[in-house]
Structures are given as C-alpha cells and as structure tokens.
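Below are the chains, spelled out letter by letter.
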Amino acid sequence: MHIKHCKLRINKPLELMKYFVAGTTARTVASLVGIHRNTAVRFCRKLREKVAQVQLSRNEPFNGIMN
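Below or above, wherever it landed, is the structure these notes cover. Fair warning: this is a prediction, and the values are worked out from it, not measured in the lab.

### Considering the pattern of salt bridges
Working step 1: Under the counting rule described, the total for this entry stands at 1 salt bridge.
Working step 2: In this structure, Glu-49 engages Arg-45 in a salt bridge whose closest nitrogen and oxygen atoms are separated by 3.5 Å. You can see Glu-49 and its partner Arg-45 sitting in helix H3 (residues 37-57), 4 residues apart, about one turn around the helix.
Working step 3: On the basis of relative accessibility, which here comes to 46%, the residue Glu-49 falls in the partly exposed class.

### A word on helix H2 (residues 26-33)
Working step 1: Along H2, the residues classified as buried are Ala-26, Val-29, Ala-30 and Val-33. All buried residues of H2 fall inside an arc of 105 degrees around its axis, so they share one side. For H2, the exposed residues set more than 90 degrees away from the buried face come down to Arg-27 and Ser-31.
Working step 2: Those residues of H2 that are buried lie in contact with helix H1 (11-22) and H3.
Working step 3: Trailing H2 by a residue or two, Gly-34 shows a phi angle of about 90 degrees, which is positive.

### Details of H1
Along an α-helix, a turn takes 3.6 residues, which lines up residues three or four apart on a common side.
Working step 1: Taking 1.5 Å per residue, 12 residues should reach 16 Å; H1 reaches 17 Å between its end C-alpha atoms and fits that length.
Working step 2: Listing the buried residues of H1 in full gives Pro-13, Leu-16, Met-17 and Tyr-19. On an axial view of H1, the arc spanned by its buried residues comes to 170 degrees, and they lie on one face. What points out from H1, more than 90 degrees from its buried face, is the exposed set Leu-14, Lys-18, Val-21 and Ala-22.

So, how was this worked out
The residue count restarts for each chain, going from 1 along the sequence in the order it is written. In view of the model being predicted, local features appear only for residues whose pLDDT reaches at least 70, and side-chain atom pairs are presented and counted only at 80 or more, with totals across whole chains, interfaces and linings using the full set of residues. Water and hydrogen atoms were dropped before computing side-chain values, which therefore reflect all heavy atoms in the structure. By convention in these notes, a salt bridge is any Lys or Arg side-chain nitrogen within 4 Å of a carboxyl oxygen on Asp or Glu. Runs of H or I in DSSP of at least four residues are treated as helices and runs of E of at least two as strands, each being numbered from the N terminus. Partly exposed residues are those whose accessible area sits between 20% and 50% of the maximum for their type, while under 20% is buried and over 50% is exposed, using a 1.4 Å probe and protein chains only. It is the directions from the helix axis to the C-beta atoms whose arc is reported. It only takes one pair of heavy atoms within 4.5 Å for two residues to be counted as in contact. One fewer than the residue count of a helix, multiplied by 1.5 Å, yields its expected span.

Here it is in structure tokens:
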C-alpha cells in the first residue's frame, strides 16, 4: 500500500505498517521506529483513511471482523 507524499525512507513506512496491523499505539510505534510522534500519528491516520477508501470502493463497510 502506498501513501502519497510520504517523505520517510523506504523501510520506515513498512515498519509503521507492521506495527499498525499489530494494533500498537502511534506513540509506541514512534519510539520503536525512531520518528517523531506526530509523524507516526499522521501516518496512521493516512493509513486508516486509505483502508476505509479501499473498503468503500469494494462496497464492503468495515466492521472489524476478518473473513
């Protein structure tokens, strides 16, 4: 998944996504990855928006249950 206008190096977004999927909080992710907490919060917000956009394009509302 690609996030537009992301200036982080190639490995940082992958690490952020890994922790996002695991359910780790943005502040904890920031300290684990070594970035500012606001950057982690912004990245997680953009990632949630991207997931919601994909779900809407599939006409499947996200209900939190995995198939």
